[in-house]
Amino acid sequence: MKRAYGFDKNLAHNSPSPQQPRKRTRHEQRPPKLVIFEHEDCSDHNTGEHQEAADRLSACRELLVRLRGATFTSDFAPVAPAAAARVHSAAYLSALETVDAEMQKSRPSSPVRPLSPFLVGAGALLDTTFPGAKPDGMTHVSAGSLRAARRAAGAVVAAIDGVFAHAGKDTSHAAFCLVRPPGHHAMVDGWDKVAGGNGFCFLNNVGIGAAHAIAAHGKRVAIVDFDVHHGNGTEEVALKKLAPLGPVLFCSTHVYETFDGARRSFGAIWRNSAQF
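Residues numbered from 1 in each chain as written. Predicted model: local features only at pLDDT ≥ 70, side-chain atom pairs only at ≥ 80, totals over all residues. Heavy atoms only, no water.

Draft legend 1. How the structure looks around unusual backbone geometry. Cis peptide bonds are those with omega within 30 degrees of zero, and the linkage from R180 to P181 qualifies with 5°. Relative to the helices and strands, P181 is located in the loop between β5 (173-177) and α9 (205-217). Although it is not a glycine, F200 adopts a positive phi angle of roughly 75°. Looking at the secondary structure, you find F200 in the loop between β5 and α9. By relative accessible area, which is 17% here, F200 ends up buried. (Helix = DSSP H or I, 4+ residues; strand = E, 2+ residues; numbered from the N terminus. Buried < 20%, exposed > 50% of the residue type's maximum accessible area, 1.4 Å probe, protein only.)

Draft legend 2. Region of the structure containing the confidence of the model for the protein. Per-residue confidence for the protein averages 78 on the pLDDT scale, and 69% of its residues sit at or above 70. Predicted confidence in the protein is weakest over helix α1 (residues 9-12), with a mean pLDDT of 38, and strongest over helix α4 (residues 81-85), with 97. Here residues 1-17 is a poorly scored stretch, pLDDT under 50, and it has 7 contacts once near neighbours within four places are set aside; other chains count. (pLDDT = per-residue confidence, 0-100. Contact = heavy atoms within 4.5 Å.)

Draft legend 3. Quick look at the pattern of salt bridges. Applying the stated criterion across every chain yields a total of 9 salt bridges. The partner of K105 in a salt bridge is E102, with the nearest N and O atoms 3.4 Å apart. For E102, a relative accessible area of 35% puts it in the partly exposed group. Bridged by salt links that share partners, the residues D41, D44, R147 and R151 form one connected network. (Salt bridge = Lys/Arg side-chain N within 4 Å of Asp/Glu carboxyl O.)

Draft legend 4. Broad picture of the environment of M103. Along the chain, M103 turns up in helix α5 (residues 90-104). M103 gets classed as buried once you look at its relative accessible area, which sits at 1%. Each C-alpha atom of the pair M103 and A143 lies 4.9 Å from the other, and the pair is 40 residues apart in sequence.

Draft legend 5. Here's a closer look at the side chain of E38. With respect to the element layout, E38 can be found in the loop between β1 (33-37) and α3 (55-64). Those residues in contact with E38 that sit more than four places away from it in its chain are R61, F72, T73, S74, F76 and L178.

Draft legend 6. Structural detail: helix α10 (residues 232-242). The buried fraction of α10 is high, at 8 of 11 residues. Of the residues making up α10, those classed as buried are N232, G233, T234, E235, E236, V237, A238 and L242.

Draft legend 7. View of the nonpolar core. Membership of the largest hydrophobic core comes to 32 residues, with the highest contact counts inside it found for V79, F202, L203, I208, V221 and L242. Looking at this core, the elements that each hand over two or more residues are α4, α5, α8 (145-165), α9, β6 (221-226), α10 and β7 (248-253). Membership of the second largest hydrophobic core comes to 14 residues, among which are L34, L57, A152 and L178. (Core = buried A, V, L, I, M, F, W, Y, C linked by side-chain atoms within 4.5 Å.)

Draft legend 8. Looking closely at the layout of surface pockets. A volume near 160 Å³ is recorded for the second largest pocket. Taken together, V79, A80, P81, A84, L93, L96, E97, L146, R150 and L203 make up the full set of residues lining the second largest pocket. Only α4, α5 and α8 provide two or more residues apiece to the lining of the second largest pocket. For the lining of the second largest pocket, the element with the most residues is α5, which contributes 3 residues. The residue makeup of the lining of the second largest pocket, split by class, is 8 nonpolar, no polar and 2 charged. (1 Å grid on protein atoms, 1.4 Å probe; cavity = no way out; pocket = protein on both sides within 12 Å on 5 of 7 lines; lining within 4 Å. Points joined across faces, edges and corners; volume = space filled by probe spheres on them. Nonpolar A, V, L, I, M, F, W, Y, C, P; charged D, E, K, R; others polar.)

Draft legend 9. Representation of the sheet that holds β5 within the structure. Strands sit in the order β2-β1-β5 across an open sheet of 3 strands; the sheet is parallel. A strand with exactly one partner marks an edge of an open sheet, and here the two such strands are β2 (70-73) and β5. The mean inter-strand angle of the sheet, taken between neighbouring strand axes irrespective of direction, is 25°. Inspection of the sheet shows β1 paired to β2 by 4 bridges, in the parallel sense. Paired with L34 across the strands is A70, a residue of β2. Contacting β1 and β5, α8 runs over the sheet at an angle of about 175° to β5. (Pairing = 2+ DSSP bridges. Axes fitted to C-alpha atoms, helices over the stretch in contact; angles between N-to-C directions.)

Draft legend 10. Geometry of empty space enclosed by the protein. By the definition in use, this model includes 1 cavity of 30 Å³ or more. In this structure, the largest cavity is lined by L96, V99, D100, M103, V141, S142, S145, L146 and F202. Where the lining of the largest cavity is concerned, the elements lending two or more residues are α5 and α8. Of the residues assigned to the lining of the largest cavity, the class counts are 6 nonpolar, 2 polar and 1 charged.

Right, here's the structure in full:
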């Protein structure tokens, strides 16, 4: 039998007629549910005239509202201290508290200040953990920054809990966290001694969420980080904090970058378990 290119007349007999509509699959009957986690606290991280600004959230939201089956929620708590402590050192979390307490004194004017030199001034982290460090001023902090960071990390934890709550049920469920500040440059000690800063990040949101998925749900974790820059903070968290908890796969796509006069390339993919 000759088959016309792209068409098989034998298959045509199996095609549904208008009187016999094709039966929809389970996924077509119930479109995947996407829950988008957002919170006004994330807009209170004031960075002034800075590329990492609250406008990023509104720009993304304009596109996300068009998605079929997507719903938005702000019903979630800030990250619990114990969840943040799975990923970050006690010294760094204490330093953030010191910085935040100082920034609260500036209310209601709430000036914007560079975070890294402020941490040096706090005397709680860099003077002891990174002696002789020369911090940059790229990461900005204001009176609402730590509150925003805690809410952002809390969104990831809540999103993970929400997805697992629907696991095995007759529905698809996914989550997207529309939050800031970002987190993939936040190291275990917060600060990257090579780059000389925090890369606009405070808490490693994804790292905290991944640690929660392993510790609270007993799940394997795969992290895919895509950005212009290497997810250096998340990679360190995965190596030092996640790998001891359970199987983890980390992937990063990024450019071969030049930063502060030093050309560096980074490992992009690694795993700690044959289960991946």
